[in-house]
Amino acid sequence: MNYEFDVLIIGTGIAGLSTAMKMAECGANVGIVTREKDPEVSNSYYAQGGIIYPTQNDDGLFQDFMKASAYTSNPDAIKIILNRAHQIVDELLLNKSEVGFARDKAGQLKYTKEGAHSIERIIYKGDYTGKAIEVGMLNHLKDKTKYPKVSFLTRHTAIDLLTPAHHGTSFEQRYEDIKVVGAYLLQQETGNVVKALAKATVLATGGYGSLYLNHTNTEGARGDGHAMARRAGAWLTNMEFIQFHPTAFFDRSAQRRFLISEAVRGEGGILLNSEGKRFMENYHPDRELAPRDVVARAILEEMISTKHECVYLDISHKGADWIKDRFPTIYEHCLNSHIDITKEMIPVVPAAHYCCGGVKTDMLGRTTLKNLYAVGEVACTGLHGANRLASSSLLEGLTWGYLAAEDISKNLKDIPHYQSNRIRDWEFMGEADADSALIQQDWLTLKQTMWNYAGLIRSSNRLKRGNAMVSELYNEIQRFYRDTRLRDDLIGLRNAVEIAYTVLNASRINRDSVGCFYRKDYNWLIIPTTIGR
């Protein structure tokens, strides 16, 4: 059975749900796709720290974005945050989703401060802000009395975007404008591939952090949206800018590392090396509240100089009850690992965390392909430039998800439905069963290669070696993909190796160290700091 929607949204994080809420209110027929069994599972759900809540009199936010990005952010994107985001947070999160952000005894919102912020402007819910937002938005959308035309397609994996020029049934369709009319979806439970056609398609698939051996993302952050957009012909940009979070919990037993929120440092946590010495003052005047790229490299330098496998984050000088109330999730996780953060220091290391680049869009979320939008981490508006400001990712996803929906709703009635019989049915090529051992080994090889050669510190020799290894792996995986029956993990592996290759090539081309991108064999790019509003 094929599907037909007004709007097809691939991804169920904050960006996709923001688009879905606005489109549902317009009465549109909305299909929301997730490869997970539970639509809650997304990077948004695991976001801890908070979300920036801009106010009209916050003149310093523009400069904080620019400073954190090493003055590489797109000023137009920041201006949209300043002009629109406050109203969007009010509408979608405070009023409609009724997210229970922390408040004082008088009922006023509480604010906190994180790295590279000049003032307290971040609202939060304990240390599980993303969970509170995700659950609130999903509960709102799942109300069938309000939104009977919203459908969740769980355990469906998007394979490729549908374009008549690539997938049409007739020769003359090659001459049509390059446009996206939906996607091929793998139904995981049956193994069938169906067509989901839509007037507008929205990529909200998140980032590609799980390409790295150590990361803070879900394993689904494997570049699916980026790879599909690239194969369809969309532009990608800034793909070399991968932010490494400075403080992930050090645990030898896992590749996905538990995030220790930047809010811990924002609330007064201090970093110490294995010798018990506080070190951030040697690297930046803002010490623990320096931009993330500075803190991450400082930690790596301390690990190398002390020949120790981690550094330590200490918040134990705060009261025990306060810590348990402010950081309940972090407290419980560490306690399960036999560390009482009210009394002991937390072992931390850097880990791949956020992708600042992505599918290039304009200020309304429109990609370079007609009827294809991208919102959230999969997209690149230029808001983050070469380094993301803390607690800006949830706000970006919410804002551009909303703006994309506004643009789609204005034009939806003028976009005809593309006829399903003019798009080829999926052609199964491989019949062999996928060998799980091969898939797992290829994944491990890819992750280790990216971590060692395209990680926190890069060089010409490392990138050249990494490029050669990923190029060989890419060719092997393409053959494997063609000869094998489709599975979700195989689709993800194909996408991941394609995006790894893209990241490596972007890294080799960029010879300027800037923001979160550091090449040890080239100088830092100096950008004038006079860019104003």
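Above: the structure in question.
Because the structure is predicted, anything quoted here is derived from the model rather than measured.

**Student:** Before we go on, may I ask you to explain the packing of helix α12 (residues 436-453) against helix α13 (residues 460-483) in this structure?
**Tutor:** When two helices pack together, their arrangement is given by the angle between the helix axes and the distance between those axes. Running from amino to carboxyl end, α12 crosses α13 at an angle of 160 degrees, the nearest separation of the two axes being 9 Å. In terms of orientation, α12 lies roughly antiparallel with respect to α13. Along this stretch, α12 crosses α13, giving a crossing that reads as left-handed. On the side of α12, the interface is formed by Leu 438, Ile 439, Asp 442, Thr 445, Leu 446, Thr 449, Asn 452 and Tyr 453, while α13 contributes Arg 462, Leu 463, Arg 465, Gly 466, Met 469, Val 470, Leu 473, Ile 477 and Phe 480. Classifying every residue of the contact of α12 with α13 gives 10 nonpolar, four polar and three charged.

**Student:** Can you help me understand the packing of aromatic side chains in this one?
**Tutor:** Within a pair of aromatic rings, the relevant descriptors are the distance that separates the centres and the angle that separates the planes. A full pass over the atoms with the stated rule returns 10 aromatic pairs. Considering the side-chain rings of Tyr 45 and Tyr 46, the 5.2 Å spacing of their centres and the 80 degrees angle between planes classify their relative orientation as edge-to-face. A residue is classified by how much of its surface remains accessible, and Tyr 45, at 17% relative accessible area, is buried. Here Tyr 46 falls in the partly exposed class, since its relative accessible area comes to 39%. Members of the aromatic cluster, joined through ring pairs, are Tyr 212, Phe 244 and Trp 451. When the ring centre of Tyr 124 is taken as reference, the NZ or CZ atom of Arg 326 above it lies at 3.8 Å. Just above the ring of Tyr 354 sits the side chain of Arg 388; from NZ or CZ to the centre is 4.4 Å.

**Student:** How should I be thinking about the sheet that holds strand β16 (residues 379-380) in this particular structure?
**Tutor:** Strand order in this open sheet of three strands is β9-β14-β16, and the pairing throughout is mixed. Where the open sheet ends on each side, the last strands, each with one partner, are β9 (236-237) and β16.

**Student:** Even after reading the chapter, I still don't get the nonpolar core, so can you show me in this structure?
**Tutor:** Among the nonpolar cores identified, the biggest contains 63 residues, and Ile 51, Leu 93, Phe 101 and Leu 398 are the most heavily contacted of them. The element contributing the most residues to this core is helix α3 (residues 75-96), with 11 residues. Sequence-distant contacts of Phe 101, that is, excluding residues within four places in its chain, are made with Ile 51, Leu 93, Leu 94, Leu 109, Ile 123, Tyr 124, Lys 125, Thr 129 and Ile 133.

**Student:** Help me understand the sheet that holds strand β13 (residues 346-355) in this model?
**Tutor:** Across a sheet, paired strands are connected by hydrogen bonds in the backbone, their directions being either parallel or antiparallel. Here we have four strands laid out as an open sheet, ordered β10-β13-β12-β11, and antiparallel in their pairing. The open sheet terminates on both sides in strands that have one partner only, identified here as β10 (242-249) and β11 (270-272). Pairwise comparison of adjacent strand axes, ignoring direction, gives a mean angle of 45 degrees for this sheet. Bridge analysis of β11 against strand β12 (residues 311-314) gives three bridges, and the strand direction is antiparallel. Residue pairing for β12: Leu 271 is matched across the bridge by Leu 313.

**Student:** Please explain α3 as it appears in this structure.
**Tutor:** The end-to-end C-alpha distance of α3, which contains 22 residues, comes to 30 Å, matching closely the 32 Å that a straight helix rising 1.5 Å per residue would cover. Considered for burial, the residues of α3 that qualify are Ala 77, Ile 78, Ile 80, Ile 81, Leu 82, Ala 85, Ile 88, Val 89, Glu 91, Leu 92, Leu 93 and Leu 94. The inward-facing, buried residues of α3 abut α1 (14-25), β3 (51-52), α2 (60-68), β4 (122-123), α4 (129-141) and α11 (393-411). Regarding α3, its N-cap is Asn 74, as a side-chain oxygen of that residue lies 3.0 Å from the backbone nitrogen of Asp 76 further along. With its phi angle positive at about 50 degrees, Glu 98 sits one or two positions after the end of α3.

**Student:** Would you mind showing me how to read unusual backbone geometry here?
**Tutor:** The general pattern is negative phi for most residues beyond glycine and trans for most peptide bonds. Although it is not a glycine, Asn 238 adopts a positive phi angle of roughly 60 degrees. Position of Asn 238 relative to the elements: it lies in the loop between β9 and β10. By relative accessible area, which is 22% here, Asn 238 ends up partly exposed. Backbone geometry at Ser 391 places phi at a positive 60 degrees, although glycine is not the residue there. With respect to the helices and strands, the residue Ser 391 is situated in the loop between β16 and α11. Using a relative accessible area of 5% as the deciding quantity, one classes Ser 391 as buried.

**Student:** Explain the pattern of salt bridges to me, please; I cannot follow it from the model alone.
**Tutor:** Side-chain pairs of opposite charge can arise whenever the charged atoms involved come near each other. Applying the stated rule across the entire model yields 35 salt bridges. The partner of Glu 91 in a salt bridge is Lys 96, with the nearest N and O atoms 2.9 Å apart. Classification of Glu 91 by relative accessible area gives buried; the value is 16%. Asp 489 is the salt-bridge partner of Arg 487, the closest N and O atoms lying 2.6 Å from each other.

**Student:** What should I look at first to understand the side chain of Ser 18 in this one?
**Tutor:** Here Ser 18 lies in helix α1. Overall, Ser 18 belongs to the buried group, its relative accessible area being 0%. Beyond its immediate stretch of four places on either side in the chain, Ser 18 contacts Leu 92, Met 137, Gly 397, Leu 398, Gly 401 and Tyr 402.

What counts and what doesn't
- Residues numbered from 1 in each chain as written.
- Predicted model: local features only at pLDDT ≥ 70, side-chain atom pairs only at ≥ 80, totals over all residues.
- Heavy atoms only, no water.
- Axes fitted to C-alpha atoms, helices over the stretch in contact; angles between N-to-C directions.
- Helix = DSSP H or I, 4+ residues; strand = E, 2+ residues; numbered from the N terminus.
- Parallel < 35°, antiparallel > 145°, perpendicular 65-115°, else oblique.
- Left-handed = near helix turned anticlockwise from the far one by under 90°.
- Contact = heavy atoms within 4.5 Å.
- Nonpolar A, V, L, I, M, F, W, Y, C, P; charged D, E, K, R; others polar.
- Phe/Tyr/Trp six-rings, centres within 6.5 Å; stacked < 30°, edge-to-face > 60°.
- Buried < 20%, exposed > 50% of the residue type's maximum accessible area, 1.4 Å probe, protein only.
- Lys NZ or Arg CZ within 6 Å of the ring centre and 35° of its normal.
- Pairing = 2+ DSSP bridges.
- Core = buried A, V, L, I, M, F, W, Y, C linked by side-chain atoms within 4.5 Å.
- Expected span 1.5 Å × (residues − 1).
- Polar contact = N/O pair within 3.5 Å; in protein donor to acceptor, adjacent residues only side chain to side chain.
- Salt bridge = Lys/Arg side-chain N within 4 Å of Asp/Glu carboxyl O.

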